[in-house]
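# Descriptive analysis of the structure
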Amino acid sequence: GGAEVRERTGRFTKEEDAILLDAIQKAIQRLHSGDMEAFKATLCAPKSGTDQRKKVLSEVWDDALKALPRRSRTSCYDRGRRLLQETRKGNWTPQELEKIQSLAASYAPNTINWQAIGQELGRPASSCKDIYRHRFADKVVVASGGGESSQVKEATGSGRWTEEESKTMVEFVRGKLQEGIQERAVSWIE
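Quick caveat: nothing in here was measured; it's all calculated off a predicted structure.

### What about the overall build of the protein?
The helix and strand inventory of the protein stands at eight helices and three strands. Moving toward the C terminus, one meets the helices and strands of the protein in the order α-α-α-α-α-β-α-α-β-β-α. Within the protein, the fraction of its 190 residues that count as buried is 28%. Long-range pairs, those at least 24 residues apart, make up 54% of the contacts in the protein with a sequence separation of at least 6. When the accessible surface of the protein is split by element, carbon and sulfur atoms take 50% of a total near 12,900 Å².

So, in structure tokens, the structure goes:
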């Protein structure tokens, strides 16, 4: 038997970035006459779109995944978008961090429009969401469809479950298991 190949997570290396960009460029050349600017516009548009857009992206990502088989499709897609977007990259300045906090606070308590914040800061929406989540640990960002807006809820700050949350989960699972034994099936979605 062969050894199990594990998926690679974490930051992309410079080598992986180069491999990903090369694979994207070769796929665009082969599939779409090499029109990189048109592809960038398609790739960097909001995630919803036409069936044709999805087909184009799917073909390119199939090729990119062959080049980086230990990376997930989602991580390759997100990294490819970041590499190809015409936005500011690099370290966040204290002014940008202050502005992202202020912009996020200007939204209603339950939704933050990361796309709009990204445009305001000249950064990818996903980068804004990530930096906000990682730098401001008193909040937890929970995605709510489409990736363009998110719900923000208060958290304990540590990422660890409280004793009360753990007890609630144990009671929930025990109840579901008991129901499943009685009904011969367990449904985790209510």
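### Regarding the side chain of D17
In this structure, D17 sits in helix α1 (residues 14-32). Given a relative accessible area of 12%, D17 falls into the buried group. Those residues within four positions of D17 in sequence are excluded, and the remaining contacts are F12, R79 and L83.

### Considerations on a nonpolar patch on the surface
A surface patch of nonpolar side chains, about 310 Å² in accessible area, is lined by W161, M169 and F172. Within the secondary structure, M169 sits in helix α8 (residues 163-183).

### Notes on the confidence of the model for the protein
Across the protein, the average pLDDT comes to 74, with 69% of residues at 70 or higher. For residues 139-158, every residue scores under 50 in pLDDT, and the model assigns this stretch 47 contacts once sequence neighbours within four places are set aside.

### As for the nonpolar core
Among the nonpolar cores identified, the biggest contains 19 residues, and L20, I24, F39 and W61 are the most heavily contacted of them. Put simply, the parts of the chain that give this core at least two residues each are α1, α2 (36-44), α3 (51-67) and α4 (73-84). No other element matches α3, which puts six residues into this core. Setting aside anything within four residues of it in sequence, one finds I24 in contact with F39, V60, W61, A64, G80 and L84. In terms of nonpolar packing, the next biggest core, distinct from the first, is built from 14 residues, W92, L97, A125 and C128 among them.

### What to know about the packing of aromatic side chains
Applying the stated criterion to the full structure yields one aromatic pair. Ring centres 5.3 Å apart and planes at 55° place the aromatic pair W114 and Y132 in the tilted group. Residue W114 is located in helix α6 (residues 114-121), and its partner Y132 is located in helix α7 (residues 125-135); the two are separated by 18 residues in the primary sequence. By relative accessible area, Y132 is classed as buried at 8%. Above the ring of F12, the side-chain terminus of R71 is found at 3.9 Å from the ring centroid. A cation sits over an aromatic face here: R123 above W92, 4.1 Å from the ring centre.

### Some words on the side chain of S127
Note on placement: S127 falls in helix α7. S127 has contacts with R82 and W92, leaving out every residue within four places of it along the chain.

### Examining the packing of α6 against α7
In the contact formed by α6 and α7, the axes pass within 7 Å of each other and the chain directions differ by 100°. One finds that α6 runs roughly perpendicular with respect to α7. In this structure, α6 uses W114, Q115, I117, G118 and L121 to contact α7, whose residues at the interface are A125, C128, K129 and Y132. Split by residue class, the contact of α6 with α7 holds six nonpolar, two polar and one charged.

### A few points about the pattern of salt bridges
Where charged atoms from two side chains of opposite charge approach closely, those side chains can pair. As enumerated under the stated definition, the model contains nine salt bridges in all. Between R73 and D62 there is a salt bridge, and its shortest N-O distance comes to 3.0 Å. Of this pair, R73 sits in helix α4 while D62 sits in helix α3, placing them 11 residues apart in sequence. Using a relative accessible area of 35% as the deciding quantity, one classes R73 as partly exposed. Residue class for D62 comes out partly exposed when judged on its relative accessible area of 35%. The closest approach of N and O atoms between E96 and R123, which form a salt bridge, is 2.9 Å. Note that E96 is positioned in helix α5 (residues 94-105) and R123 in the loop between α6 and α7, a separation of 27 residues in sequence. Residue R123 is classed as buried on the basis of its relative accessible area, which comes to 4%. Connected via shared salt-bridge partners are R8, E16 and R71.

How each quantity is defined
- Residues numbered from 1 in each chain as written.
- Predicted model: local features only at pLDDT ≥ 70, side-chain atom pairs only at ≥ 80, totals over all residues.
- Heavy atoms only, no water.
- Helix = DSSP H or I, 4+ residues; strand = E, 2+ residues; numbered from the N terminus.
- Buried < 20%, exposed > 50% of the residue type's maximum accessible area, 1.4 Å probe, protein only.
- Contact = heavy atoms within 4.5 Å.
- Areas by Shrake-Rupley, 256 points an atom, 1.4 Å probe, with all protein chains shown as cover.
- Patch = residues over 30% accessible without salt bridge, like charges linked within 9 Å, V, L, I, M, F, W, Y side chains within 5 Å.
- Salt bridge = Lys/Arg side-chain N within 4 Å of Asp/Glu carboxyl O.
- pLDDT = per-residue confidence, 0-100.
- Core = buried A, V, L, I, M, F, W, Y, C linked by side-chain atoms within 4.5 Å.
- Phe/Tyr/Trp six-rings, centres within 6.5 Å; stacked < 30°, edge-to-face > 60°.
- Lys NZ or Arg CZ within 6 Å of the ring centre and 35° of its normal.
- Axes fitted to C-alpha atoms, helices over the stretch in contact; angles between N-to-C directions.
- Parallel < 35°, antiparallel > 145°, perpendicular 65-115°, else oblique.
- Nonpolar A, V, L, I, M, F, W, Y, C, P; charged D, E, K, R; others polar.

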